[in-house]
Amino acid sequence: METFGARLHRAVAERGPLCVGIDPHPGLLADWGLPDDVEGLERFSRTVVEAIGDRVAVVKPQSAFFERFGARGVGVLESTIRQLRNAGALVLLDVKRGDIGSTVRAYASAYLDPSSPLYVDAVTASPYLGVGSLAPMFELAAAHGGGVFVLALTSNPEGAAVQRAVAADGRTVAQTVIDEISQLNRGAEPLGSIGLVVGATIGETGHDLGAVNGPLLAPGLGAQGGTPAGLRAVFGAALPSVLPSYSREVLGAGPDQEALRAATERVLAECRAALTTA
Ligand SMILES: O=c1ccn([C@@H]2O[C@H](COP(=O)(O)O)[C@@H](O)[C@H]2O)c(=O)[nH]1
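The rules behind each value
Residues numbered from 1 in each chain as written. Predicted model: local features only at pLDDT ≥ 70, side-chain atom pairs only at ≥ 80, totals over all residues. Heavy atoms only, no water. Helix = DSSP H or I, 4+ residues; strand = E, 2+ residues; numbered from the N terminus. Rg over C-alpha atoms; globule rule 2.2 N^0.38 Å. Buried < 20%, exposed > 50% of the residue type's maximum accessible area, 1.4 Å probe, protein only. Areas by Shrake-Rupley, 256 points an atom, 1.4 Å probe, with all protein chains shown as cover. Lys, Arg positive; Asp, Glu negative; His and termini not counted. Charge placed at Lys NZ, Arg CZ, Asp CG, Glu CD. Core = buried A, V, L, I, M, F, W, Y, C linked by side-chain atoms within 4.5 Å. Contact = heavy atoms within 4.5 Å. Near = heavy atom within 4 Å. Polar contact = N/O pair within 3.5 Å; in protein donor to acceptor, adjacent residues only side chain to side chain. Nonpolar A, V, L, I, M, F, W, Y, C, P; charged D, E, K, R; others polar. UniProt positions renumbered as here; feature names shortened; annotations may be inferred. Expected span 1.5 Å × (residues − 1). Pairing = 2+ DSSP bridges.

Undergrad: Teacher, can you tell me more about the overall build of the chain here?
TA: Counting secondary structure elements, the chain contains twelve helices and eight strands. Compactness check: the chain gives a C-alpha radius of gyration of 18 Å against a globular reference of 19 Å for 278 residues, within 12% of the reference. Reported as C-alpha extents along the three principal axes, the dimensions of the chain are approximately 55 × 45 × 35 Å. In the chain, buried positions account for 53% of the 278 residues. A total of about 11,200 Å² of accessible surface is found on the chain, and carbon and sulfur atoms cover 53% of it. The averaged location of the 29 negative side-chain charges in the chain is 2 Å from the averaged location of its 22 positive side-chain charges.

Listed below in structure tokens is the structure:
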């Protein structure tokens with residue numbers, strides 16, 4: 001069985017270092033001339049899949065925008081996940097789950113067990129009940145070739161007060177998360193399957209990402225003000241492991257599929273240049 005880290009490494013080599021989010025904001029539905037209901041949600045998501053599902057390495061549906069329509073919205077999420085997988089994209093579901101370990105086990109089976117209707121390649125998870133509480137997620141990911149992206153230094157300004165607080169041993173909370181995930185990925189080749197989320201907006205923080213040996217998802221580009229040129233300050237020597245992520249910056253080009261593809265190509269070219277410039 002191929003690990004998530006290996007699949008991601010291959011997908012990025014074939015399609016380029018880019019994750020595009022499916023975030024059907026009410027405002028975007030309106031801009032696209034779609035109703036703010038399940039039909040609008042379905043047409044929005046299908047349009048994105050048809051436009052870019054066969055050319056982007058990773059697509060990241062934001063679960064919240066599907067959940068807000070209840071069971072029918074989750075039904076659209078299920079079919080969007082299926083369509084994305086058929087188009088050859090890796091699916092990263094942004095759900096930011098975290099809880100006591102016994103409940104995390106249930107979340108893990110919802111997203112990382114191949115028999116689940118919401119089965120995806122990887123999920124986002126919150127470590128703020130302790131990284132160890134996510135162990136059932138890491139175990140199920142390992143058992144089925146899945147991945148987990150753990151929040152470390154998020155792109156929103158409020159995150160710093162918690163994540164950069166200094167623990168008794170002198171490390172920040174974020175650095176303890178980074179160090180624990182680095183341990184889990186030790187020795188994995190070509191890349192570990194447990195990633196971190198580090199916002200593209202945070203600038204240079206002095207955190208050491210050099211030993212993570214896993215993918216570093218970088219949201220916050222475009223709409224939140226982060227730029228590809230700014231990635232070097234955030235990630236330093238870890239730049240080759242960065243997976244830049246855009247949602248509104250690309251989605252704002254829709255609903256025309258050619259325009260969505262052009263926006264995707266543009267941000268991909270900018271990210272390639274930023275990630276490869278010495
Ligand atoms: O630190 C984080 C973690 C996750 N996100 C999510 O990424 C997208 C960003 O959307 P944009 O439209 O590109 O701003 C969204 O789904 C967030 O929930 C993040 O922004 N920051």
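Read on for the rest.
Undergrad: Is there a simple way to explain the nonpolar core in this structure?
TA: Most often, soluble globular proteins have nonpolar side chains that are buried together. Counting 72 residues, the largest nonpolar core has Leu-196 and Phe-235 as its most contacted members. Broken down by element, the residue count for this core peaks at seven residues, all from helix α3 (residues 38-52). Those residues in contact with Leu-196 that lie beyond four places of it in its chain are Phe-149, Val-150, Ala-152, Val-177, Ile-178, Ile-181, Leu-209, Val-212, Pro-215, Leu-216 and Leu-217. Core analysis: the next-biggest nonpolar cluster, separate from the first, contains 15 residues, Ala-11, Cys-19, Val-58 and Leu-217 among them.

Undergrad: Any chance you could explain the site of the ligand here in plain terms?
TA: Taken together, 14 residues sit near the ligand, with Asp-23, Gln-62, Ser-155, Gln-224 and Arg-248 positioned nearest. In the model, an oxygen atom of the ligand is placed 2.6 Å from a nitrogen or oxygen of the Arg-248 side chain. Within the complex, 88% of the 470 Å² of free accessible area of the ligand lies under protein. In terms of residue class, the shell around the ligand is built from four nonpolar, five polar and five charged.

Undergrad: I'm lost on the UniProt feature "active site" (unreviewed entry) in the chain in this one. Help?
TA: UniProt annotation of "active site" (unreviewed entry) refers to Lys-96 when read in the numbering used here. The exposure class of Lys-96 is partly exposed, given its relative accessible area of 39%. Aside from chain neighbours lying at most four places away, what touches Lys-96 is Gln-62, Thr-124, Ala-125, Ser-126 and Leu-151. A polar side-chain atom of Lys-96 sits 2.8 Å from a polar atom in the side chain of Asp-94.

Undergrad: Would you mind going over the environment of Ala-263 with me for this structure?
TA: By secondary structure assignment, the location of Ala-263 is in helix α12 (residues 257-276). Taking the C-alpha atoms as reference points, Ala-263 and Leu-251, separated by twelve residues in sequence, lie 8.3 Å from one another. Other than its neighbours up to four places away in sequence, Ala-263 contacts Val-250 and Ala-253.

Undergrad: Looking at this structure, how should I read α3?
TA: An α-helix turns once every 3.6 residues. As a result, residues three or four positions apart point the same way. Spanning 15 residues, α3 covers 21 Å between terminal C-alpha atoms, matching the ideal 21 Å at 1.5 Å per step. Those residues of α3 lying buried are Val-38, Gly-40, Leu-41, Phe-44, Ser-45, Thr-47, Val-48, Val-49, Ala-51 and Ile-52. Tucked inside the fold, the buried residues of α3 contact β1 (19-22), α2 (26-31), α4 (63-67), α5 (70-86), α11 (248-251) and α12. Of the residues that open α3, the one with a side-chain oxygen 3.1 Å from the backbone nitrogen of Glu-39 is Asp-37.

Undergrad: So what exactly am I meant to see when it comes to the UniProt feature "domain: Orotidine 5'-phosphate decarboxylase" (unreviewed entry) in the chain here?
TA: Those places that UniProt annotates as "domain: Orotidine 5'-phosphate decarboxylase" (unreviewed entry) correspond, in this numbering, to residues 17-263. End C-alpha atoms of residues 17-263 are separated by 15 Å, and the span's content is 40% helix alongside 16% strand.

Undergrad: Just checking my understanding: could you explain the environment of Pro-244 for this structure?
TA: Mapped onto the secondary structure, Pro-244 falls in strand β8 (residues 242-246). Setting aside chain neighbours within four positions, we find Pro-244 in contact with Pro-17, Leu-18, Cys-19, Ala-218, Leu-221, Leu-231, Cys-271 and Leu-275.

Undergrad: What exactly am I supposed to notice about the pairing of β1 here?
TA: Two faces, one strand: in a regular strand the side chains alternate between the faces of the sheet. Residues Cys-19 and Gly-21 point to one face of β1 and Val-20 and Ile-22 to the other, with burial holding for every one of them. As judged from the two bridges shared by β1 and β8, these two strands associate in the parallel manner. Of the residues in β8, the one forming a bridge with Val-20 is Tyr-246.

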